[in-house]
Amino acid sequence: LTYFLSMIFYKTDEEIELIRESCLLVCKTHAEIASMLAPGVTGAAIDKRAEELIKDHKAVPGFKGYRGFPATLCVSLNDVVVHGIPTEKQVFREGDIVSIDCGVYMNGYFGDAAYTFAIGDVKEDVMQLLRVTHESLYKGIAQAVAGNRLGDISFAIQYFAEKKYSYGVVRELVGHGVGRELHESPEVPNYGQRGRGIKLKEGLVIAIEPMINMGTKDVHTDRDGWTVHAKDGKPSAHYEHTVAVRKGKADILSDHSIIEAAIRRNANLKAIQEKKTEQAIA
Ligand code: MG
Ligand code: MG
């Protein structure tokens, strides 16, 4: 994930619609996984289902084979930040959080989105990590408008997660441009300074993806060359949208609402918005 082309490819409206279609298939895949997740289910089982669903739509899993990655999904449990490899031995348990990242390639364009799920009765301090990471993503997206600078996105995420909540913002992994390639220029760090970096222009399509650790920001990569752990073994969360920069307001091309609807239908999962909803009803 460290190799980026230096040239930025701005997209036409037609290209943005194709990226949106790819992103929607990614989110349908996440929703399907959300319907399956339960204690006892394995990483291998959800990966198999994800691959079938993507192929049923005449699309190609975007991660499988990418720089040698062996699976359709990245399945990252608890202290794993990203790039966990789904296996039979990876069995989900009550109280786990699992970050799932998925990409597809369809009609010449990639889509990319990630979501962290809470299985069963996850502890309140971990639920807060999920809520804050999710909200930090939207703080970043709010800055993805024409005329702003890339650093405005980075700063908004870092300020919220680090200054307000004292969580660890992972430095080694960043968001990226999305298009004909899974990872295009520019890099989109989750830390940085306001007013710095390139000026955002309409047609820029980027994946914004805060990876936030409950403890230290430092990470460590396993001997498998992929699995990235939080160095202190504390939980880590990851939410990602692919967005198109527009005037006034970013256009979010991926759709978490279909994932969240599936979460609400699955009694084995705990929704991150639960608290807000209860407050809204009260
Ligand atoms: Mg992703
Ligand atoms: Mg990404």
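For the structure, see preceding data.
Residues numbered from 1 in each chain as written. Chains lettered and ligands numbered in written order. Predicted model: local features only at pLDDT ≥ 70, side-chain atom pairs only at ≥ 80, totals over all residues. Heavy atoms only, no water.

> Would you take a moment to explain the overall build of the protein for this structure?
When you go through the protein residue by residue, the secondary structure sums to six helices and 16 strands. Against the globule reference of 19 Å for 282 residues, the protein gives a C-alpha radius of gyration of 17 Å, in line with a compact fold. Principal-axis analysis of the C-alpha atoms places the extent of the protein at approximately 45 × 45 × 45 Å. Partitioning the contacts of the protein with sequence separation of at least 6, the portion at a separation of at least 24 is 73%. Treating the 35 positive side-chain charges of the protein as one cloud and the 38 negative ones as another, the clouds have centres 4 Å apart. (Helix = DSSP H or I, 4+ residues; strand = E, 2+ residues; numbered from the N terminus. Rg over C-alpha atoms; globule rule 2.2 N^0.38 Å. Contact = heavy atoms within 4.5 Å. Lys, Arg positive; Asp, Glu negative; His and termini not counted. Charge placed at Lys NZ, Arg CZ, Asp CG, Glu CD.)

> Please clarify how the environment of His238 should be interpreted in this entry.
Among the secondary structure elements, His238 is positioned in strand 13 (residues 236-238). Residue contacts for His238: discarding those within four places in its chain leaves Val81, Val82, Ser99, Asp101, Ala114, Tyr115, Thr116, Thr133, Glu209, Pro210 and Met211. Within the local environment of His238, its side chain forms a polar contact with the side chain of Glu209, the two groups lying 2.8 Å apart. (Polar contact = N/O pair within 3.5 Å; in protein donor to acceptor, adjacent residues only side chain to side chain.)

> Before we go on, may I ask you to explain the nonpolar core in this structure?
In a soluble, globular protein the nonpolar side chains are often hidden away together inside. The biggest cluster of nonpolar side chains holds 64 residues, and the ones touching the most others in it are Leu37, Ile46, Phe92, Val98, Phe117, Ile153 and Ile208. Examining the composition of this core, we find that seven residues originate from one element, helix 3 (residues 124-142), more than from any other. Residues in contact with Ile153, not counting those within four places in the same chain, are Gly140, Gln143, Ala144, Val188, Leu200, Ile206 and Ile208. Counting 16 residues, the second-largest nonpolar core is a separate cluster that includes Phe63, Cys74, Val178 and Leu253. (Core = buried A, V, L, I, M, F, W, Y, C linked by side-chain atoms within 4.5 Å. Buried < 20%, exposed > 50% of the residue type's maximum accessible area, 1.4 Å probe, protein only.)

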